[in-house]
Amino acid sequence: MNIDAPKLDYAALSPMLILLGAACVGILVEAFVPRRARHWVQVVLSLAALIAAFVAVVLQAKTETITAAGAVAIDGPALFLSGSIIVLGAVSVLLMAERSLDSGSAFVAQAAVVAGSAPDRKLASEPTSHTEAFPLALFALGGMVLFVSANDLLIMFIALEVLSLPLYLLCALARRRRLLSQEAAVKYFLLGAFASAFFLYGVALIYGYAGSVDLAAIHDAVNGSPANDVLLFVGLAMLLIGLLFKAGVVPFHSWTPDVYQGAPTPVTALMAACTKVAAFGAILRVFYVAFQSTKWDWRPVLIAIAMLTMVVGAVLAVTQTDIKRLLAYSSIANAGFILTGVVALNERGVSSTLFYLAAYGFTTIGAFAVVMLVRDADGEATHLSRWAGLGRRSPLYAGVMTVFLLAFAGLPLTSGFISKFAVFAAAIDGGSVALVIVGVIASMILAFPYLRVIVLMYLSDPAEDGPTVSVPGGFTAAALTIGVLATVALGVVPTQLLDLAGEAAQFVR
Amino acid sequence: MNGPWLPVLTVLPLVGAVVLAFLPRGADRLAKLVAIGWSLVVLVLTIIICAGFDPDGDRFQFVSSYTWIPSFGTRLDFGVDGIALVMLALIAVLTPIVMLASWHESGAGRRSVRTYYSLMLALQACMIGVFVATDVFFFYVWFEAMLVPMYFLIGSYGGAQRQYAAVKFFLYSLVGGLFMLASVIGLYVVSARELGEGTFAFDKLAGMDMSTAAGRWIWLGFFVAFAVKAPLFPFHTWLPDAGGQAPIGAAVLLVGVMDKVGTFGFLRYNLPLFPEASRFFAPLVIVLGIIGILYAALLAIGQHDMKRLVAYTSVAHFGFIAIGVFAFTTQGGSGAVLYMVNHGIATGALFLVVGFLIARRGSTLISDYGGVGRLVPWIYGAFFITGMASLALPMTNSFVSEFLVLIGVFSRNPTAGVVATLGIVVAALYVLWMIQRTMHGPLNPSLGEKPSWRDLSRREAWVIAPLLVLIIGLGVYPKPLLDVINPAVKATLTDVGKQDPQPTEVAGGNR
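Criteria and thresholds
- Residues numbered from 1 in each chain as written.
- Chains lettered and ligands numbered in written order.
- Predicted model: local features only at pLDDT ≥ 70, side-chain atom pairs only at ≥ 80, totals over all residues.
- Heavy atoms only, no water.
- Helix = DSSP H or I, 4+ residues; strand = E, 2+ residues; numbered from the N terminus.
- Rg over C-alpha atoms; globule rule 2.2 N^0.38 Å.
- Buried < 20%, exposed > 50% of the residue type's maximum accessible area, 1.4 Å probe, protein only.
- Areas by Shrake-Rupley, 256 points an atom, 1.4 Å probe, with all protein chains shown as cover.
- Lys, Arg positive; Asp, Glu negative; His and termini not counted.
- Charge placed at Lys NZ, Arg CZ, Asp CG, Glu CD.
- UniProt positions renumbered as here; feature names shortened; annotations may be inferred.
- Expected span 1.5 Å × (residues − 1).
- Contact = heavy atoms within 4.5 Å.
- Buried area = accessible area lost by both parts, 1.4 Å probe.
- Salt bridge = Lys/Arg side-chain N within 4 Å of Asp/Glu carboxyl O.
- Polar contact = N/O pair within 3.5 Å; in protein donor to acceptor, adjacent residues only side chain to side chain.
- Nonpolar A, V, L, I, M, F, W, Y, C, P; charged D, E, K, R; others polar.
- Pairing = 2+ DSSP bridges.
- Axes fitted to C-alpha atoms, helices over the stretch in contact; angles between N-to-C directions.
- Patch = residues over 30% accessible without salt bridge, like charges linked within 9 Å, V, L, I, M, F, W, Y side chains within 5 Å.
- Phe/Tyr/Trp six-rings, centres within 6.5 Å; stacked < 30°, edge-to-face > 60°.
- Lys NZ or Arg CZ within 6 Å of the ring centre and 35° of its normal.

A.B. asks: Quick question: what am I supposed to make of the overall build of chain A here?
C.D. replies: Looking only at helices and strands, chain A features 20 helices and five strands. For a compact globule of 509 residues, the expected C-alpha radius of gyration is about 23 Å, and chain A comes in at 22 Å, within 12% of that figure. Taken over the C-alpha atoms alone, chain A extends approximately 70 × 55 × 40 Å along its principal axes. Per-residue burial over chain A gives 65% buried out of 509 residues. By element, 68% of the accessible surface of chain A is carried by carbon and sulfur atoms, the whole surface being about 16,900 Å². Seen as two clouds, the 28 positive and the 29 negative side-chain charges of chain A have centres 7 Å apart.

A.B. asks: Please explain the UniProt feature "domain: NADH:quinone oxidoreductase/Mrp antiporter transmembrane" (unreviewed entry) in chain B as it appears in this structure.
C.D. replies: Summarizing the sequence annotation, UniProt attributes the feature "domain: NADH:quinone oxidoreductase/Mrp antiporter transmembrane" (unreviewed entry) to residues 133-423 of chain B in the numbering used throughout. Secondary structure over residues 133-423 of chain B splits into 79% helix and 0% strand, and the C-alpha atoms at its two ends are 34 Å apart.

A.B. asks: Quick question: what am I supposed to make of helix α17 (residues 415-429) of chain A here?
C.D. replies: It helps to recall that an α-helix has 3.6 residues per turn; residues three or four apart then point in one direction. Residue and element names in this part refer to chain A. With 15 residues, α17 should cover 21 Å at 1.5 Å per step; its first-to-last C-alpha distance of 21 Å lies within 8% of that length. With 14 of its 15 residues buried, α17 lies for the most part within the structure. In the stretch just after α17, G431 is the one whose phi turns positive, near 95°.

A.B. asks: Whenever I open this one, the interface of chain A and chain B confuses me. Can you help?
C.D. replies: How big an interface is tends to be stated in terms of accessible area lost as the parts join. Contacts between chain A and chain B engage 33 residues on the former and 35 residues on the latter. Taken over both partners, the interface formed by chain A and chain B buries close to 3,000 Å², and the fraction arising from carbon and sulfur atoms is 79%. At the surface where chain A touches chain B, the tally comes to zero salt bridges. At the boundary of chain A with chain B, the tally comes to four residue pairs in polar contact (both at pLDDT 80 or more). Among the elements that line the side of chain A that touches chain B, the one with the most residues is helix α18 (residues 433-459) of chain A, at ten residues. Along the lines of polarity and charge, the residues of the side of chain A that touches chain B split into 24 nonpolar, five polar and four charged.

A.B. asks: Sorry, what's going on with the sheet that holds strand β5 (residues 468-469) of chain A here?
C.D. replies: Within a sheet, adjacent strands bond to each other through the backbone by hydrogen bonds, running parallel or antiparallel. Residue and element names in this part refer to chain A. Spatially, the three strands line up as an open sheet ordered β4-β3-β5, and their pairing is antiparallel. Every other strand in the sheet has two partners, leaving β4 (379-380) and β5 as the edge strands with one partner each. Two elements, strand β3 (residues 374-376) and β5, share two bridges in a ladder whose sense is antiparallel. Looking at the pairing, R375 lines up with T468 of β5. On the sheet, helix α14 (residues 347-373) packs against β3, β4 and β5 and is oriented at approximately 20° with respect to β3.

A.B. asks: Hey, could you run me through the pattern of salt bridges in this one?
C.D. replies: It is possible for side chains of opposite charge to pair when their charged atoms get near one another. With the rule as written, the count across this model stands at 17 salt bridges over all chains. For R59(B), the salt bridge goes to D495(B), with nearest N and O atoms at 2.7 Å. Placement of R59(B) in the loop between α2 (28-52) and β1 (61-69) and of D495(B) in helix α20 (residues 479-496) is noted, with a sequence separation of 436 residues between them. Exposure remark for D495(B): the relative accessible area of 26% places this residue in the partly exposed category. A salt bridge links R361(B) to D368(B); its shortest N-O distance comes to 4.0 Å. One network of salt bridges, in which partners are shared, links E183(A), K187(A), D258(A) and R325(A).

A.B. asks: Any chance you could explain the UniProt feature "domain: NADH:quinone oxidoreductase/Mrp antiporter transmembrane" (unreviewed entry) in chain A here in plain terms?
C.D. replies: What UniProt calls "domain: NADH:quinone oxidoreductase/Mrp antiporter transmembrane" (unreviewed entry) maps, in this numbering, to residues 150-445 of chain A. For the annotated span residues 150-445 of chain A, helix accounts for 78% and strand for 2% of the residues, and the straight-line distance between the end C-alpha atoms is 37 Å.

A.B. asks: Could you clarify how one ought to interpret the pairing of strand β2 (residues 74-80) of chain B in this entry?
C.D. replies: Put simply, side chains in a regular strand alternate between the two faces of the sheet. Residue and element names in this part refer to chain B. Counting buried residues in β2 gives five out of seven residues, a clear majority hidden from the surface. As judged from the six bridges shared by β1 and β2, these two strands associate in the antiparallel manner. Note that in β2 the partner of S65 across the bridge is D77. Between the end of β1 and the start of β2, which pair antiparallel, lie four residues, with G73 showing a positive phi angle near 70°.

A.B. asks: What am I meant to see in helix α16 (residues 395-408) of chain A here?
C.D. replies: Residues and elements named next belong to chain A. For α16, with 14 residues, the first-to-last C-alpha span of 20 Å sits near the 20 Å given by 1.5 Å per residue. Where burial is concerned, most of α16 is hidden: ten out of the 14 residues are buried. Residues of α16 that are buried include every one of Y397, A398, V400, M401, T402, F404, L405, L406, A407 and F408, and no others. Note on α16: the residue one or two positions beyond its end, G410, has a positive phi of about 80°.

A.B. asks: I tried to follow a nonpolar patch on the surface on my own but got confused; where do I start?
C.D. replies: Residue and element names in this part refer to chain A. On the surface, a cluster of nonpolar side chains totalling about 350 Å² of accessible area is made up of L165, V186, F189 and L190. In terms of residues, the nonpolar patch owes the most to one element, helix α7 (residues 178-210), which gives three residues. With respect to the secondary-structure elements, L190 resides in helix α7.

A.B. asks: Help me understand the environment of S419(A) in this model?
C.D. replies: All names here are of chain A. Here S419 is to be found in helix α17. Here S419 falls in the buried class, since its relative accessible area comes to 2%. Once residues lying within four places of it in the same chain are set aside, the contact partners of S419 are F355, Y356 and A359.

A.B. asks: Explain the side chain of R38(A) here, please?
C.D. replies: Tracing the backbone through its elements, the reader meets R38(A) in helix α2 (residues 35-59). Non-local contacts of R38(A), meaning those with residues more than four positions away in its chain, are made with V29(A), E30(A), V33(A) and T131(A).

A.B. asks: Just to check I follow, could you spell out the packing of aromatic side chains for this structure?
C.D. replies: Counted by the stated rule, this structure contains 58 aromatic pairs over all chains. Arranged with centres 6.5 Å apart and planes meeting at 55°, the rings of F287(A) and F291(A) form a pair that is tilted. The exposure class assigned to F291(A) is buried, which follows from its relative accessible area of 0%. Geometry around F280(B) places R216(B) over its ring, the cationic atom sitting 3.5 Å from the centre. When the ring centre of F202(B) is taken as reference, the NZ or CZ atom of R268(B) above it lies at 5.7 Å.

As structure tokens, then:
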């Protein structure tokens, strides 16, 4: 039997090839470059790869093609999402590269040492760090780019694993609070493995229904397959579980706060921004390309899930006392808002979702960058009570954080407002008024925890032994600047990105 | 007179706020002078704009429009009608006065003076933006942005309960604002269906034919936001806290201008965009307004705290404004708009005088005063005049407006007019009683044997004198304002489709 090699459009695939290739080079760097130089080599390599990948995405603009034997679709949404993932990934890598805050970076040098033991304490005080973090991040980012371009469910599954496995590892690498970090990694890995299993099982059932894993073929099958619909619905439900898990949507959200809290903060930023983009990108593609004609069956379910996600995320955010957990619940609620755009099921829905994902990514990375800066002797001071009076100690960083929090709360002149407006308008256009009403109510509830942080920072008196705000190194400062500029610019002059998202809203089938 | 006058006017204070933020730390005096100077420039520009306004010309003047977010159908539309113009004038006059009044207060408790004045200018920019925007989306942006500087002014520079008051203020306003957001989105979708393309431009929306059900729902969203901001009973509970805790300067702007955005919103958006819904809900608003007049006035009598008392009187006055707006008569509408200006001047002045007293005694409680009229005769005089303006004594500015409102309401709905008139009686009670308890009678023993109180300082005289002049001046001769207001109100009433009732018992009114 002869198997023809599939034709590959290398130009169209170049972004993910660059990222994955650079990740492989990064592994070689670990093997051959002396330890002292590794950090810088890795940082330069990663940033160069990300810039090259972004250039590749820009060069592919307006491409609409399906390549690799129908496995990969390069179209507007794929390119927009890839670009977002790469830019947000670059900003997260800047945070990972920061060495002036901790001795070394946020990563431990040897993850396998028992937490709390003497060697562990020795490691914590040494400036060496785990430079494998960079290739791991590149693998994850490459996987995400593939994830949003996957045109068949098997490739999507492979991409899911490529992006997930490095993240599981990265979660365990925190230099401080090792136990919390490792526990988070185990939790993330176990639940993620379950979710992947559901996804794969769903793929199998859908294959049984449609006789193919290709999204376009599934679309055709949905319109005229004689097979039993039970296969379709059960398969779709299982697929959904796998995707919603990655997106951190209620009721598959329970890992989010623990993992966000336990992971090293730069990794949390990476997950909160890029993974969210990737997950929703895949959700968009699956539902818009493959299952649009069964919308009467799944749309009410997604609407209910979106409502639940917004309300649960908002309500639980109110009760949080740890800033990272607060941001985690806020990201859950935001997942609900994004889902509001997804279920609109029109072009406006796609473009508003794309815009939301990009805008939200910048804000959330910026917020985590500020979290990295607020430190005391034990590392980051994440308990909210420690943030009291921060506005008096360092007005600049409190001000920056305030911009992010106001954006999360959806105040005008920030990107958060434009994003919310866009998805709500799309949802009303799509006929789901109830969803928007729930969304508005959730926004009201959600304003409270953000406001509480602002109150703490400005209106409370500083604690005697409160944390100091470290002066950020160049990398963090760059990430913060990008975050603030993007948050404000996308709030005041969002036209360019909105137009870009609008032009990119057409899937190829 | 077209051209970018209004965008410049809006951006100018923002630039000032940024400039102030970059002044060297500790240069407090410089910051104050720069801020006051800046606000005087804004005042001059506003005067130029007022001089160029033609009362008999187009409804919106100084119109300019810029592309903003085409995919949302929103543009940066600027323009003023007579109603917005008088509000701009009010902002321009009050801001420098308020800044001068905050000379000592801003730095109290080792807080940054720069930031205080920077926030003041940012607030001024947002308030100007609200009144000059003629695109609903653009308006909403300013409407919400306005919260942020005021939140920090209350929260960072306010009294002992400032945190509570600031958060309450912010959450109430934000919740109201989100209702409006829902309506703004609804408006967009309806306009996309009716006009073929989604738009927020006021003139296009005002001519739109909207279905009854949709119109009423969207009207309610706007109404709740404006009623919270105004504040109308039963959405008023944040104001006594915010007004009571805010530093005096911010309190004047809060009650004097910012709250007017609510009643301005009724006039600019509720009435013209949703005529049917406005007619449908008018009785409800009138009832709420009258409850507000009586209930808030009664509560004001019971207050121990002077700032809270003044804040409650505002709730009562806003009741008058609301019933004036929803009476759908020229007199009622013009009276309401005039009241918006006069209330800003009179209540602002009252707040400032109360602030002078507080600065001397260090207490806001009425019971800590008593007989101090003899110690500070000039302040007493100012207190008396502003108090009389607050209860709308003839010859003060509030009288004209209150009279017009009552005539307007009476000709449409005599019962409502009669009941609202009761509010005047109660108003006399709380103002006179406050003056009596603080100024007259024997000297409060807790002040000591021979308390040495400075009378009005030169700075304070500069603060209060312009307002006293305006109180008397507009009380005697309100015509210039009414000339500007009347055409705008008439245009608004035409939008609602209501004619003035035939004057039978009550004749005239138009001077």
